[in-house]
Amino acid sequence: MSTRRVQDAIRDDQKIQNELKRNGNIPTHIAVIMDGNGRWAKKRKLPRIAGHNEGVESVRDTVESCGQLGVKYLTLYAFSTENWKRPKEEVSMLMRLLMRALRDETDRLHKNNVRVHAIGDISSLPQEVQDELLDAIEKTKHNTGLNLLLALSYSGRWDITDAVRRLISNVQQGTVKTENINDHLISEYLSTKNVPDPDLLIRTSGEFRISNFLLWQLAYSEIYISDLFWPDFRRNELYKAIAEYQKRERRFGMVSEQVQTQKSKASYVG
Ligand code: IPE
Ligand code: IPE
Ligand code: MG
């Protein structure tokens, strides 16, 4: 691309970002089920790992544009509990790719003020992956921009099971009273403690399922299904998802009139 065309592209991108920001309700937390890497590769007669590789580019662009838009939390479903059941070669290639991506991207993330977190059964990952992950978490821990949560060896059922175990043990020790257990307390035992629930869930590759992602936390998230395979997902599709989200009415069980009244009160106070 010529310098001129690059400059035009940057200006167009900023225009779209400004428009989304002007609408006022940029989601605080976006969660993404990054799906379709294998099918992207298959369509091109390439090995599945080529799709995973290209998927790293999509991660980079999504993280960067979320940061620019002022999204506070981005949770990426990168490897599920069930993904351990894949062929051994694919699992080990994915682990190697993860290690390399963490090694190569941490400096850029740090420069962009991104803070890295991990959720999932991290101790089940190969030691080298854990080391890279801990380095990235440590290096970026004072950053104040986007919080990037990497869901690794993660599943919603794993999260809830782990929470129940620790909660019961605290009840047995007497530090928690059974009658004080409510949904706020349960949220504090989940791996997403202190993170607001996702406002928007994006799943790529046209699949309409949750695949054991943040089961508790997605209770009231708006869902956007993209037909693109993850390696084809870039910021313009993210913008489409956010624009669609901004048109939705989130009622949280109430009726539309109540939501409108709340909104006008909030804008009056604000
Ligand atoms: C998502 O792409 C990446 C992971 C689950 C690790 P897939 O590998 O699931 O790709 P498809 O769904 O088979 O196309
Ligand atoms: C969901 O994708 C998990 C991740 C994106 C990490 P899968 O490809 O594993 O989901 P299913 O098996 O199609 O439901
Ligand atoms: Mg898949």
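A brief look at the structure comes next. What you see is a predicted model, and the numbers here were worked out from it, not measured in a lab. (Residues numbered from 1 in each chain as written. Chains lettered and ligands numbered in written order. Predicted model: local features only at pLDDT ≥ 70, side-chain atom pairs only at ≥ 80, totals over all residues. Heavy atoms only, no water.)

**Let's talk about the pattern of salt bridges**
- All told, the structure shown has 25 salt bridges when counted by the stated rule.
- A salt bridge links R235 to D61, with the nearest nitrogen and oxygen atoms 2.9 Å apart. Of the two residues, R235 sits in helix α8 (residues 235–247) while D61 sits in helix α3 (residues 48–69), which places them 174 residues apart along the sequence. Grouping residues by exposure puts R235 and D61 together as buried.
- With a shortest N-O distance of 2.8 Å, K141 and E138 are connected by a salt bridge.
- Residue classification places E138 among the partly exposed positions, given a relative accessible area of 48%.
- Bridged by salt links that share partners, the residues D35, R39, R203, E207 and R209 form one connected network. (Salt bridge = Lys/Arg side-chain N within 4 Å of Asp/Glu carboxyl O. Helix = DSSP H or I, 4+ residues; strand = E, 2+ residues; numbered from the N terminus. Buried < 20%, exposed > 50% of the residue type's maximum accessible area, 1.4 Å probe, protein only.)

**Quick notes on the site of ligand 1**
- The immediate surroundings of ligand 1 are formed by M34, D35, G36, N37, G38, R39, R48, H52, A78, N83, R86 and L94.
- Within the backbone of G36, an N or O atom sits 3.4 Å from an oxygen atom of ligand 1.
- If ligand 1 stood free it would expose 380 Å²; the protein chains cover 87% of that surface.
- Breaking the shell around ligand 1 down by element, the ones donating at least two residues are α2 (37–43) and α3.
- With 3 residues, the top contributor of residues to the shell around ligand 1 is α2.
- A per-class count over the shell around ligand 1 returns 3 nonpolar, 5 polar and 4 charged. (Near = heavy atom within 4 Å. Polar contact = N/O pair within 3.5 Å; in protein donor to acceptor, adjacent residues only side chain to side chain. Areas by Shrake-Rupley, 256 points an atom, 1.4 Å probe, with all protein chains shown as cover. Nonpolar A, V, L, I, M, F, W, Y, C, P; charged D, E, K, R; others polar.)

**Here's the deal with the side chain of Q217**
- Topologically, Q217 is positioned in the loop between β5 (200–203) and β6 (222–225).
- Of note is the side chain of Q217, whose polar atom sits 3.2 Å from the side chain of D159.

**Some thoughts on the packing of α3 against α8**
- α8 packs onto α3 with a crossing angle of 50° between their chain directions and a minimal axis gap of 9 Å. Taken together, α3 and α8 sit at an angle that is classed as oblique. The hand of the α3/α8 crossing is right-handed. Residues D61, T62, E64, S65, C66, Q68 and L69 of α3 pack against R235, L238, Y239 and I242 of α8.
- Here the residues of the contact of α3 with α8 sort into 5 nonpolar, 3 polar and 3 charged. (Axes fitted to C-alpha atoms, helices over the stretch in contact; angles between N-to-C directions. Parallel < 35°, antiparallel > 145°, perpendicular 65-115°, else oblique. Left-handed = near helix turned anticlockwise from the far one by under 90°. Contact = heavy atoms within 4.5 Å.)

**Details of the nonpolar core**
- In this structure, I30, L74 and I202 are the most contacted members of the largest nonpolar core, which totals 40 residues.
- Secondary structure elements with two or more residues in this core: β1 (29–33), α3, β2 (73–80), α4 (88–111), α5 (127–139), β4 (147–154), β5 and α8.
- Excluding its chain neighbours within four sequence positions, the residues that come into contact with L74 are H29, I30, V32, T62, V63, C66, L146, N147, L148 and L149. (Core = buried A, V, L, I, M, F, W, Y, C linked by side-chain atoms within 4.5 Å.)

**Structural notes on the site of ligand 2**
- Around ligand 2, the structure places I33, M34, D35, Y77, A78, F79, S80, N83, R86, R203, R209 and S211.
- Between ligand 2 and the protein, one listed contact pairs an oxygen atom with a side-chain N or O atom of R203 at 3.4 Å.
- R209 has a polar side-chain atom sitting 2.8 Å from an oxygen atom of ligand 2.
- Relative to its free-state accessible area of 390 Å², ligand 2 is covered by the protein chains to the extent of 77%.
- Considering every element that reaches the shell around ligand 2, the biggest residue donor is β2, with 4 residues.
- Of the residues assigned to the shell around ligand 2, the class counts are 5 nonpolar, 3 polar and 4 charged.

**Side note on the side chain of T204**
- Residue placement: T204 occurs in the loop between β5 and β6.
- Look at T204 and you get buried, because its relative accessible area is 0%.
- A distance of 2.7 Å separates a polar atom in the side chain of T204 from the backbone oxygen of D35.
- Beyond its immediate stretch of four places on either side in the chain, T204 contacts I33, M34, D35, S226, L228, F229, W230 and F233.

**Quick look at the sheet that holds β6**
- As summarised here, the arrangement of the 6 strands in space is β3-β4-β2-β1-β5-β6, forming an open sheet in which the pairing is parallel. Only two strands of the sheet have a single partner each, and these edge strands are β3 (115–119) and β6. The sheet shows a mean angle of 20° between the axes of neighbouring strands, taken without regard to direction.
- As defined by bridge partners, β2 adjoins β4 across 7 bridges and the pair is classed as parallel. (Pairing = 2+ DSSP bridges.)

**Remarks on the packing of helix α1 (residues 3–22) against α3**
- Two elements in contact, α1 and α3, have axes whose closest approach is 10 Å; the angle formed by their N-to-C orientations is 50°. Of the possible angle classes, the one that applies to α1 and α3 is oblique. Regarding α1 and α3, the two cross each other, and that crossing is right-handed. Of α3, the residues touching α1 (which contributes D13, Q17, L20 and K21) are S65, Q68 and L69.
- By residue class, the composition of the contact of α1 with α3 is 2 nonpolar, 3 polar and 2 charged.

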